[in-house]
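A structural walkthrough
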Amino acid sequence: MDFDLTAEQDQIRKLARDFCTAEVAPGARELDRTEGYPHELLPKLFEVGFLGAPIPTEYGGMGLDYLSYGLIVEELGRADASIRSMVSVNVGLVALTILRWGSAAQKAEWLPRLASDGLGAFGLTEPGAGSDPSSMTTGASRDGEDWILNGAKMWITNGSTGIVTIVFARTDLGEGDRQAAGERGSTGITAFLVPQDEQGYTGTPLKGKLGLRAGDTAEVALRDVRVPDANRLGDVGGGLKIALNALDSGRYSLAAGCTGISQACLDQAVRYADERIQFGRKISSFQLVQQLISEIYLDLEASRALYWKVAWKHDKGERHTIESSVAKTFCSEAAVRSADRAVQVHGGYGYSDEYPVGRYLRDARVTTLYEGTSQIQRLLLGRHLTGENAFT
Ligand SMILES: Cc1cc2nc3c(=O)[nH]c(=O)nc-3n(C[C@H](O)[C@H](O)[C@H](O)COP(=O)(O)OP(=O)(O)OC[C@H]3O[C@@H](n4cnc5c(N)ncnc54)[C@H](O)[C@@H]3O)c2cc1C
């Protein structure tokens, strides 16, 4: 594995770092405090191209390799994890999924827009179906050339302010037996591209979150939403395969973003330890403070190596389901540990938003929950290592 960046990758990282320092980081505290939406920042993110980073230029993207995309996401995560999350979902879960599974018409319709003027959402989770998406009850029934969708989705990033949501729905049920969905399993799930302005689609923002307070996490209601069969993404019954494949890139992106959080924790902990005087000395001169800082660094270095390994496999055209899962699990847990240590270095000042470390901790906390909890990742890895399936 080659750890050198190419000149182009180095340039992209510098572009992302400069952009995030100037445009993203300064607004993070206010957006967090107010649970605001980055109305002013979003057009700039589109303009600089980050929302289409790995999308081919023929579809309006930057046409970057996977590592370059990860470097951008790391810098976003370092500046503001809420913004990183919006970008990751748009690119990793939605645009790359349409690129892989979409028809020529779907790619032509959505990819240029997702790269330049509107965000995509990924509607898998439901109020009663999180770790076990195969128990979802949202249904899609055939009506001539159309499909009619009914149901509810929960915790959908970009779900009320985007332009399109990939909605996963059961196509193996009549309206009457949606309740029995849990017994039907995964084979009857199909993916649909649902424009968010379609009649019957309602996204309601969820407020009061512990972290990722900027941006849009929504509850989505689907009431007799009619979409043509041309909006079906992939095969009838092929939805869960598409969702799991999308999570390979979503988890990569999440791992890169968490590496950014750990980097921000290191930056801030070193800075504060150098300024703060106790017992007549900088606290950075105390061995136990150095231990906290060193441990952040150990997690940071390991995190970066793990997400770079995923990129390296992807850019060679190899599958990376396990590597994405390993990187996601380690980097998310490392980000939580790093943020906790950074708060400790700040003492009482870490407990207020005068310093950003409290936000890092709150923002990091969700990353061991979404895109497969830490427990689910361990079961996936356990199944891979032992051949035994602990899910059933
Ligand atoms: C801020 C935010 C943004 C999100 N964005 C999106 C999005 O854009 N799109 C989307 O589809 N979803 C999204 N999600 C949903 C997220 O993916 C789910 O919350 C996650 O998959 C967990 O599901 P759950 O919350 O229903 O928890 P549950 O599945 O109910 O899990 C509860 C607990 O039980 C444990 N558990 C469950 N099953 C097992 C098992 N077999 N063995 C051991 N332990 C188990 C879990 O690990 C967890 O600790 C988002 C969530 C949040 C909080």
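Residues numbered from 1 in each chain as written. Predicted model: local features only at pLDDT ≥ 70, side-chain atom pairs only at ≥ 80, totals over all residues. Heavy atoms only, no water.

1. Structural notes on the packing of aromatic side chains
The geometry of two aromatic rings is summed up by the distance between their centres and the angle between their planes. Tallied over the entire structure, the rule returns ten aromatic pairs. Both rings, one in Y272 and one in Y355, keep their centres 5.2 Å apart while their planes meet at 80°; by these two values the pair is edge-to-face. Of this pair, Y272 sits in helix α7 (residues 239–275) while Y355 is found in the loop between α9 (321–346) and α10 (357–365), placing the two residues 83 residues apart along the sequence. Neither Y272 nor Y355 differs from the other in exposure class; each is buried. An aromatic cluster is defined as three or more aromatic residues linked by ring pairs; in this entry it consists of Y66, Y69, Y252 and Y307. (Phe/Tyr/Trp six-rings, centres within 6.5 Å; stacked < 30°, edge-to-face > 60°. Helix = DSSP H or I, 4+ residues; strand = E, 2+ residues; numbered from the N terminus. Buried < 20%, exposed > 50% of the residue type's maximum accessible area, 1.4 Å probe, protein only.)

2. Side note on the packing of α7 against α9
One way to put it is that α7 packs onto α9 with a least axis distance of 8 Å and a crossing angle of 20°. Viewed along their axes, α7 and α9 adopt a mutual orientation that is roughly parallel. You can see that α7 and α9 cross each other, and the crossing is left-handed. Split into classes, the residues belonging to the contact of α7 with α9 amount to 16 nonpolar, eight polar and three charged. (Axes fitted to C-alpha atoms, helices over the stretch in contact; angles between N-to-C directions. Parallel < 35°, antiparallel > 145°, perpendicular 65-115°, else oblique. Left-handed = near helix turned anticlockwise from the far one by under 90°. Nonpolar A, V, L, I, M, F, W, Y, C, P; charged D, E, K, R; others polar.)

3. Side note on the environment of T137
Relative to the elements of secondary structure, T137 occurs in the loop between β1 (120–123) and β2 (139–143). The spacing of T137 and T202 is 65 residues in sequence and 17 Å in space, taken between C-alpha atoms.

4. Quick look at the site of the ligand
Close to the ligand lie 17 residues; F122, T125, S131, W155 and T373 are nearest. Between Q375 and the ligand, the recorded distance is 2.8 Å, taken from a side-chain N or O atom to an oxygen atom. Out of a free accessible area of 970 Å², the ligand has 66% covered by protein chains. Residue assignment for the shell around the ligand shows that the elements contributing at least two residues are β3 (146–157) and α11 (374–386). Tallied by class, the residues present in the shell around the ligand amount to nine nonpolar, seven polar and one charged. Domain assignment of the residues forming the shell around the ligand places at least three in each of domain 2 (121–236) and domain 3 (241–386). (Near = heavy atom within 4 Å. Polar contact = N/O pair within 3.5 Å; in protein donor to acceptor, adjacent residues only side chain to side chain. Areas by Shrake-Rupley, 256 points an atom, 1.4 Å probe, with all protein chains shown as cover. Domains from an automatic or database assignment.)

5. A word on the domain arrangement of the protein chain
Each assigned domain of the protein chain is listed with its residue range as follows: domain 1 (7–119), domain 2 (121–236) and domain 3 (241–386). Just the C-alpha atoms count here: the centres of domain 1 and domain 3 sit 20 Å apart. In this complex, domain 1 contributes 28 residues to the contact, which on the side of domain 3 involves 36 residues. Summed over both sides, the interface of domain 1 with domain 3 buries roughly 2500 Å², with 53% coming from carbon and sulfur. Per-residue buried area on domain 1 facing domain 3 is highest for Y66, E74 and R78; these three make up 29% of the total on that side. Inspection of the region where domain 1 meets domain 3 yields four salt bridges. Between R33 and D353 there is a salt bridge, with the nearest N and O atoms lying 2.7 Å from each other. For the pair domain 1 and domain 3, the number of links is 16 residue pairs in polar contact (both at pLDDT 80 or more). Looking at the side of domain 1 that touches domain 3, the elements with two or more residues in it are α2 (28–34), α4 (66–79) and α5 (81–101). The greatest single-element share of the side of domain 1 that touches domain 3, amounting to eleven residues, is contributed by α5. (Contact = heavy atoms within 4.5 Å. Buried area = accessible area lost by both parts, 1.4 Å probe. Salt bridge = Lys/Arg side-chain N within 4 Å of Asp/Glu carboxyl O.)

6. Topic: the pairing of β3
Extensive coverage of β3 is indicated by the burial of ten of its twelve residues. Inspection of the sheet shows β2 paired to β3 by five bridges, in the antiparallel sense. Across the sheet, the residue bridging to R142 is W147, located in β3. The antiparallel hairpin formed by β2 and β3 contains two residues in its connecting segment, where G144 sits at a positive phi of about 65°. (Pairing = 2+ DSSP bridges.)

7. Here's the deal with unusual backbone geometry
Residues other than glycine seldom take positive phi values, yet E35 does so here, at roughly 50°. You can call E35 buried: its relative accessible area is 17%. The phi dihedral of W155 falls on the positive side, at around 65°, and the residue is not glycine. Within the fold, W155 resides in strand β3.

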